[in-house]
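Remarks on the overall topology
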Amino acid sequence: DMPIEVGGLMVLEGSHVHGPLPHCRQMAPPDAMRAELGGTWRTADYRLGDMVIFRSTLVHTGLDNVDGERLRLSSDTRYQRVDMPLDPRWQNEWHPLDGL
């Protein structure tokens, strides 16, 4: 189980209506994103086996782990319809300085 202290997922309610955001805005601090886009940050305590599914345009982030004893492990898996155009942001090899 993962209580909030372990740093679970946080989503910005309603942010999906703005569509894809440029990379520079994706890395903005959570308070700045909320001030710009509106909405409320939502999170919860998660239990083993929980799954959260949302559009890639929903602004999301991970909370800092302040537990000190437990490690958070999560997976980010993306799917899209075969007849939809590929998002150019995901077509290059990943690098830590990409801003993704």
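For every chain, the first residue of its written sequence is number 1, and the numbers climb from 1 along that sequence. Local features in a predicted model are, by the rule used here, given only for residues with pLDDT of at least 70; side-chain atom pairs are given and counted only at 80 or more, and totals for whole chains, interfaces and linings are based on all residues. With hydrogens and water excluded, all non-hydrogen atoms of the structure serve as input to the side-chain values.

The next thing to look at is the overall build of the protein. Each helix is a run of H or I in the DSSP string that is no shorter than four residues. Each strand is a run of E no shorter than two, and both are numbered from the N terminus. When its secondary structure is counted, the protein shows 2 helices and 3 strands. Its helices and strands taken in sequence order, the protein reads β-α-α-β-β from the N to the C terminus. For the exposure calls, accessible area comes from a 1.4 Å probe over protein chains only, and a residue counts as buried if that area is under 20% of its type's maximum, exposed if over 50%, partly exposed in between. Across the 100 residues in the protein, those meeting the buried criterion constitute 19%. Method for areas: the Shrake-Rupley scheme with a 1.4 Å probe, in which residue coverage is limited to the protein chains shown. Accessible surface, the protein as shown: approximately 8,000 Å² in total, 55% of it carbon and sulfur.

This part covers the sheet that holds strand 2 (residues 41-42). Pairing is antiparallel in the open sheet, where 3 strands are placed in the order 2-1-3. Only two strands of the sheet have a single neighbouring strand rather than two, namely strand 2 and strand 3 (60-62). Pairing between strands is defined by DSSP: at least two bridges between them are needed.

Confidence of the predictor at the level of single residues is given by pLDDT, which spans 0 to 100. Of all residues in the protein, 87% attain a pLDDT of 70 or more, and the chain-wide mean is 83. Mean pLDDT across the elements of the protein bottoms out in helix 1 (residues 23-26) (60) and peaks in strand 2 (95).

Examined bridge by bridge, strand 1 (residues 9-12) and strand 3 share 3 bridges and lie antiparallel to one another. Bridging from a neighbouring strand, Val 11 pairs with His 60 of strand 3. Both strand 1 and strand 2 contribute to a ladder of 2 bridges, which runs antiparallel. From the neighbouring strand, Leu 12 faces strand 2, where its bridge partner is Trp 41.

Looking now at the pattern of salt bridges. When the charged atoms of two side chains with opposite charge come close together, those side chains can pair. In the sections that follow, a salt bridge refers to a side-chain nitrogen of Lys or Arg positioned within 4 Å of a carboxyl oxygen of Asp or Glu. Taken as a whole, this structure holds 4 salt bridges when the rule is applied. In this structure, Arg 42 and Glu 13 form a salt bridge, with 3.2 Å as the shortest nitrogen-oxygen distance. Separated by 29 residues along the polypeptide, Arg 42 in strand 2 and Glu 13 in the loop between strand 1 and helix 1 bring together distant segments of the chain. With a relative accessible area of 43%, Arg 42 lands in the partly exposed category. Residue classification places Glu 13 among the partly exposed positions, given a relative accessible area of 39%.

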